[in-house]
Amino acid sequence: MSITEQDVTYVADLANLELTAEERSRLAKDLSSILEYISLLNELNTDDVPPMAQVSASFDSAGQSAAERSAAVQREDTPVPCLPHEAALQNAPVSNGDFFKVPKVIER
Amino acid sequence: MDINSLTVESTRTAIREKQFTSIHLVEEFYKKIKAEDPAINAYLTLCEQRALEKAGRIDELAGNGDPLPPLAGVPMAIKDVMVIRGVRTTAGSKILENFVPPYDCTAVARMERAGAIVLGKTNCDEFAMGSSNENSAYGPVRNPRDRSRVPGGSSGGSAAVVAAGTAVAALGSDTGGSIRQPASFCGVVGLMPTYGRVSRYGLIAFASSLDHIGPLTSTVKDAAIVLQEIAGRDPQDSTSADVHVPRYEGEIGKPVKGLKLGVPKEYFGEGLDQEVRSAVEASIQQLAQDGCEIVPISLPHTSYAIPTYYVIATAETSANLARFDGVRYGYRSRQARTLSEMYRKTRDEGFGAEVKRRIMLGTYALSSGYYDAYYLKAQKVRTLLTRDFEQAFRQVDAIVTPTTPTAAFRLGEKTDDPLSMYLADIYTVVADLVGVPGISVPCGQTKSGLPIGLQILGKHFDESTVLRLGHAVEHARAV
């Protein structure tokens, strides 16, 4: 699998990463070699194998049914205080006291 | 007072018996940290005032003759990926250089409720991504056993403080080996509990289906004591399991006779250093003499674990790290005029090279046209890896392997080749993918004096057997 600098530019765009020209060429090289290694997976026939997204789904040792598991992960719908306004804004790079401030969203 | 040989166990006894005060102990630790840590660089942030206040409260309780919490006065360090209200938390990244969290990580809060004193936050690879601690934006950590070598990663700082005696114990996180591999490199004990055993609320997310919190300690018993406090269901983390938490300390010293130990041939093949092999095989022999039955087994998909891991972990990374956008917290680029420019420049200036590499790889693997070939494929192979373990655990009670293929490597040795760095985790990643618990216990050293670790993997939620065996390995070396 060979990744071109054009591919890198496309993916960087999806990931919201501005990259320097130097970073682009380094990444094209790195990603190519890592993806080549990852292509090892194609040696395996996985046609009849279900995908696994989470470990928790396969906990047999817990001895619970799916319904019990689902009940276990839900908590009572009881209102609790949320983060105070001030605390939520305390780490904002820029705020006006009530809101996070960002550069102009709509460009004319 | 000799603070160099303190364990969690001996510290809590000494405080309880009033051999010294908690405040005095904390002051002694800060003296040692200030004298010795600059050469190691294991601490990123010290919270001295806060620690002394908490120590004062322990001394007050002791003075009044009130009952003390179980870990009263035990000085600990916390990997800088777990948030503590009011204490700067960086995740080893420039993007969080000035981040002061407004809430507490559950595991840390539970340690503090048990009376442990947090001395500071430890250095780590940026967002826990790395195997050498060289990806930290705040400089590498040096291995206290040989300063020309890496401490391992990503919990390099947490392993180093325990090895250097600048904390009695530490919490780390493990996504592909980040507790066990540095524990092995620094000659300490590192325990990764079962996925779901310990809440991750307040752990800065790297790969949510793989992230675990666990202890790094100088003895297996200490690991059991710390696990006891942090284990158990937390309503704040829906992936934390509602499974009974046994008394782990009771496992320490129980006989191991009759336990069946699987030795997977795939972990003893090409790439395993000769000295590491000898030490691990000698430990397995010792366990056989203690009455364990040694069973040769096969985990046939082992060689696919690293490629599977680097698809799944990076895919989850690309999603989890999307939150760093320069809006609500963390660094914001000053160069930007539009919103989109702000996102892009903030992330480029704020993230280091390895983090960008992983975001790019993960974004690629999830992108239109490649999802089935990479992400779905890796999820299917994850099922095959899990079946390997299900099969093995029908025959055996635990699996023993080397923790790492080699002892600690030199600083700079692998930084130019990401793939060779990824392979440092070859024996540890599978447990993260499968969700089983694992411990690394020191089992010997190389001729040049570098520590070697033995890894013991157990069944889901069976930390008890893992700890019992770990203690047997430790005990055999001590006598």
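Model, not experiment: these values are computed from the prediction.

**Student:** An account of the overall build of chain B is needed here, citing residue identities and associated values.
**Tutor:** The secondary structure content of chain B amounts to 15 helices and 11 strands. Taking 23 Å as the expected radius of gyration for a compact globule of 479 residues, we find that chain B reaches 21 Å, a close match to that expectation. Oriented by its inertia axes, the alpha-carbon framework of chain B measures out at about 60 × 55 × 45 Å. Buried positions account for 61% of the 479 residues belonging to chain B. The long-range share in chain B, meaning contacts at least 24 apart out of those at least 6 apart in sequence, stands at 76%.

**Student:** Any details on helix H2 (residues 21-38) of chain A? Residues and values, ideally.
**Tutor:** Since the α-helix turns once every 3.6 residues, residues separated by three or four places project in the same direction. Helix length check: H2(A) (18 residues) gives 25 Å between terminal C-alpha atoms against 26 Å at 1.5 Å per residue, within 8%. For H2(A), the complete set of buried residues consists of A:Leu27, A:Asp30, A:Leu31, A:Ile34, A:Leu35 and A:Ile38. Down the axis, H2(A) shows its buried residues gathered within 130° of arc, on one side only. In H2(A), the exposed positions that point more than 90 degrees away from the buried face belong to A:Ala21 and A:Glu22. Elements in contact with the buried residues of H2(A): helix H1 (5-14) of chain A together with helix H9 (305-320), helix H11 (353-366), helix H12 (371-395) and helix H13 (418-422) of chain B.

**Student:** Could you give an account of the sheet that holds strand S1 (residues 43-46) of chain B, naming the residues involved and the relevant values?
**Tutor:** All names here are of chain B. Pairing is mixed in the open sheet, where 11 strands are placed in the order S1-S3-S2-S4-S6-S5-S10-S11-S9-S7-S8. The outermost strands of the open sheet, each flanked by one partner alone, are S1 and strand S8 (293-297). On average, each strand axis in the sheet is tilted by 30° relative to the strand beside it, whichever way the strands run. Relative to strand S6 (residues 212-217), strand S5 (residues 189-192) is paired through 2 bridges, and the arrangement is antiparallel. Within S6, the residue paired with Val189 across the bridge is Thr217. Its contacts with the sheet put helix H15 (residues 463-478) on S5, strand S9 (398-402), strand S10 (438-445) and strand S11 (451-458), and the angle it makes with S10 is roughly 10°.

**Student:** Any chance you could break down the nonpolar core for me, citing the residues and the numbers?
**Tutor:** Ranked by internal contacts, the top residues of the largest apolar core, which has 156 residues, are B:Met76, B:Ala169 and B:Ala170. Here the element with the most residues in this core is H9(B); it accounts for 8 residues.

**Student:** Tell me about the confidence of the model for chain B, and please be specific about residues and values.
**Tutor:** Across chain B, the average pLDDT comes to 97, with 100% of residues at or above 70. This complex was scored by the predictor with a pTM of 0.96 and an ipTM of 0.91.

**Student:** Could you give an account of unusual backbone geometry, with specific residues and numbers?
**Tutor:** Residues and elements named next belong to chain B. With an omega of 5°, the peptide bond running from Gly153 to Ser154 counts as cis. Positionally, Ser154 belongs in the loop between strand S3 (117-122) and helix H5 (156-164). If you check the backbone angles, Lys18 has positive phi at about 55° while not being a glycine. Note on placement: Lys18 falls in the loop between helix H1 (8-16) and helix H2 (22-36).

**Student:** Requested: an account of the pairing of S5(B), with residues and values cited.
**Tutor:** Residues and elements named next belong to chain B. Burial along S5 is two-sided: the face carrying Val189 and Leu191 and the face carrying Gly190 and Met192 are both buried. Pairing geometry for S5 and S10, over 3 bridges, is antiparallel. Note on S10: the bridge partner recorded for Gly190 is Ser440.

**Student:** With reference to specific residues and values, describe the environment of A:Pro50.
**Tutor:** All names here are of chain A. Within the secondary structure, Pro50 sits in the loop between H2 and helix H3 (66-73). For Pro50, a count of 9 C-beta atoms within 10 Å gives the class exposed. Through-space distance from the C-alpha of Pro50 to that of Phe100 is 43 Å; in sequence the pair is 50 residues apart.

Reading the values: the criteria
Residues numbered from 1 in each chain as written. Chains lettered and ligands numbered in written order. Predicted model: local features only at pLDDT ≥ 70, side-chain atom pairs only at ≥ 80, totals over all residues. Helix = DSSP H or I, 4+ residues; strand = E, 2+ residues; numbered from the N terminus. Rg over C-alpha atoms; globule rule 2.2 N^0.38 Å. Buried ≥ 20, exposed ≤ 12 C-beta atoms within 10 Å, placed from the backbone. Contact = placed C-beta atoms within 7 Å. Expected span 1.5 Å × (residues − 1). Arc of directions from axis to C-beta. Pairing = 2+ DSSP bridges. Axes fitted to C-alpha atoms, helices over the stretch in contact; angles between N-to-C directions. Core = buried A, V, L, I, M, F, W, Y, C linked by C-beta atoms within 7 Å. pLDDT = per-residue confidence, 0-100.

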